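# Remarks on the overall topology
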Amino acid sequence: MPVWLQAGLWGLVAGGALVVGAAVAWFARVPRVVVAAVMAFGSGVLISALAFELVDEAERSGGLAATVAGLVAGAVVYVAANVALSRRGAARRKASGEEQSSEQEQSGSGAAIAIGALLDGVPESVVLGLSLLGGGGVGVPVLAAIAISNLPEGLSSSAGMKANGRSARYVFGVWTAIALASGLAGALGVLALDGASDATVSVITAVAAGAILTMVADTMIPEAFARTQLWTGLITTAGFIAAFALSRW
């Protein structure tokens, strides 16, 4: 199977966790503190995968200066896009209650939330696809980190969408589209960078890693802390340890 197709399929699998989370939120009532705890755990898993898989590999391949530049660029681009979307109603897009903006409160917030969710998911799929370029198969810790973080994201955000009166068609349409876009992003990332130098791949990986780290700090951890409060750090650390152990298995 071509590497680009593998990347697309793995991106679709990881993005599919968003749809699973949305289905759980739509058909079952999950306590918000449980959702927040899983989100905190997923944050720790992502941070570990970034530190020990993505950024470490990027630095080894492209050097410290290029990796730092990529991280800064990814963070700046994410913040700029996130600020623009927040002004249009997507600031609390991962919230599981009525904190999300409804269409009545702010026209166009539905589209902003959908675009924001896409903004959160694309960098993850790109780095997942790039993990295949070395020829060693998909990076299991990275795949696990993305899937584990996507599940509570889909669950929490979908619960918020439902609480604000958005239809099932809108909710499942958004997450299905993002799952498909995740697969496409993974495939396109591999097609665009297959044969590229190690330095180029490392910089792109660092850019995506910077965006993901900023997303965790700006959207996931604050939403987790809103419910788990003083337990957030402990749960996040547990996720970090789990992912670290998996990477050393």
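Residues numbered from 1 in each chain as written. Predicted model: local features only at pLDDT ≥ 70, side-chain atom pairs only at ≥ 80, totals over all residues. Heavy atoms only, no water.

Another aspect to go through is helix α2 (residues 32-62). With 31 residues, α2 ought to run about 45 Å at 1.5 Å a step, and its terminal C-alpha atoms sit 42 Å apart, in line with that. Where α2 bends most, the angle comes to about 40°, and this point is L50. At the exit of α2 stands G63, carrying a positive phi of roughly 95°. (Helix = DSSP H or I, 4+ residues; strand = E, 2+ residues; numbered from the N terminus. Expected span 1.5 Å × (residues − 1). Bend = angle between axes of the 7 residues up to and from the residue.)

Let us look at a nonpolar patch on the surface. There is a patch of nonpolar side chains on the surface, built from M1, W4, L5, L9, L12, L180, L184, L188 and L191 and spanning about 860 Å² of accessible area. Among the elements of the structure, α1 (3-27) and α6 (168-193) are those that each provide at least two residues to the nonpolar patch. Mapping L12 onto the fold places it in helix α1. Residue class for L12 comes out partly exposed when judged on its relative accessible area of 35%. (Patch = residues over 30% accessible without salt bridge, like charges linked within 9 Å, V, L, I, M, F, W, Y side chains within 5 Å. Areas by Shrake-Rupley, 256 points an atom, 1.4 Å probe, with all protein chains shown as cover. Salt bridge = Lys/Arg side-chain N within 4 Å of Asp/Glu carboxyl O. Buried < 20%, exposed > 50% of the residue type's maximum accessible area, 1.4 Å probe, protein only.)

Turning next to the nonpolar core. One broad rule of soluble globular proteins: the nonpolar side chains tend to lie buried together. L46, V127, L128, I146, I212 and M215 are the most contacted members of the largest nonpolar core, which totals 28 residues. Secondary-structure elements contributing two or more residues to this core are α1, α2, α4 (109-130), α5 (140-163) and α7 (198-228). Not counting chain neighbours up to four residues away, the residues in contact with V127 comprise L54, V142, I146, T205, A208, A209 and I212. (Core = buried A, V, L, I, M, F, W, Y, C linked by side-chain atoms within 4.5 Å. Contact = heavy atoms within 4.5 Å.)

Further remarks concern empty space enclosed by the protein. Following the criterion strictly, the structure yields three cavities of 30 Å³ or more and no others. In this structure, the second largest cavity is lined by L46, A49, L50, L54, E124, V127, V142, A145, I146 and I212. When residues of the lining of the second largest cavity are traced back to their parent elements, those giving at least two are α2, α4 and α5. Per-element tally for the lining of the second largest cavity: the top contributor is α2, with four residues. Here the residues of the lining of the second largest cavity sort into nine nonpolar, no polar and one charged. (1 Å grid on protein atoms, 1.4 Å probe; cavity = no way out; pocket = protein on both sides within 12 Å on 5 of 7 lines; lining within 4 Å. Points joined across faces, edges and corners; volume = space filled by probe spheres on them. Nonpolar A, V, L, I, M, F, W, Y, C, P; charged D, E, K, R; others polar.)

All right, on to the confidence of the model for the protein chain then. With 89% of its residues at a pLDDT of 70 or more, the protein chain shows a mean pLDDT of 84. Mean pLDDT per element in the protein chain: α4 is the minimum at 76, and helix α8 (residues 232-247) is the maximum at 91. (pLDDT = per-residue confidence, 0-100.)

Bringing the UniProt feature "transmembrane region" (unreviewed entry) in the protein chain into the picture now. Annotation from UniProt places "transmembrane region" (unreviewed entry) at residues 7-27, 33-52, 64-85, 126-149, 170-193, 199-217 and 229-247. Overall, residues 64-85 shows 100% helix and 0% strand. The separation of its end C-alpha atoms is 32 Å. (UniProt positions renumbered as here; feature names shortened; annotations may be inferred.)

If you walk through the whole model with that rule in mind, you get four aromatic pairs. A ring pair is formed by W26 and F172, whose centres lie 6.2 Å apart and whose planes are at 70°; its orientation type is edge-to-face. Placement of the pair is W26 in helix α1 and F172 in helix α6, with a sequence separation of 146 residues. In textbook terms, an aromatic cluster arises when at least three aromatic residues are bridged by ring pairs, as seen for W26, F27 and F172. Seen from the ring of W26, K162 lies directly overhead, with NZ or CZ sitting 5.0 Å from the centre. Its end group placed over the ring of Y170, R166 keeps NZ or CZ at 5.3 Å from the ring centre. (Phe/Tyr/Trp six-rings, centres within 6.5 Å; stacked < 30°, edge-to-face > 60°. Lys NZ or Arg CZ within 6 Å of the ring centre and 35° of its normal.)

Inspection of the secondary structure puts G154 in helix α5. Residue classification places G154 among the buried residues on the basis of a relative accessible area of 0%. Sequence separation of G154 and V19 is 135 residues, and the distance between their C-alpha atoms is 6.4 Å. Once residues lying within four places of it in the same chain are set aside, the contact partners of G154 are L18, G21, A22 and W175.

Right, let's get into α8. If you check α8, its first and last C-alpha atoms are 23 Å apart, about what 16 residues at 1.5 Å a residue would give, namely 22 Å. Along α8, the residues classified as buried are T232, T236, G239, A243 and S247. Along the long axis of α8, the arc covered by the buried residues comes to 75°, so they all point the same way. Away from its buried face, by an angle of more than 90 degrees, α8 presents the exposed residues L234 and I241. (Arc of directions from axis to C-beta.)

Turning our attention to the environment of G116. Structurally, G116 can be placed in helix α4. Taking the relative accessible area as the measure of exposure, G116 reaches 0% and is therefore buried. Distance from G116 to A81, taken between C-alpha atoms, is 8.4 Å for residues 35 residues apart in sequence.

Another aspect to go through is the packing of α1 against α5. Between α1 and α5, the least distance of the axes is 7 Å, while the angle of their chain directions is 35°. Seen along the crossing, α1 lies across α5 with a hand that is right-handed. Contacts between α1 and α5 involve W10, A14, G15, A17, L18, V20, G21, A22, V24, A25 and W26 from the first element and L143, I146, A147, N150, L151, E153, G154, L155, S158, A159 and K162 from the second. Residue composition of the contact of α1 with α5, grouped by class: 15 nonpolar, five polar and two charged. (Axes fitted to C-alpha atoms, helices over the stretch in contact; angles between N-to-C directions. Left-handed = near helix turned anticlockwise from the far one by under 90°.)

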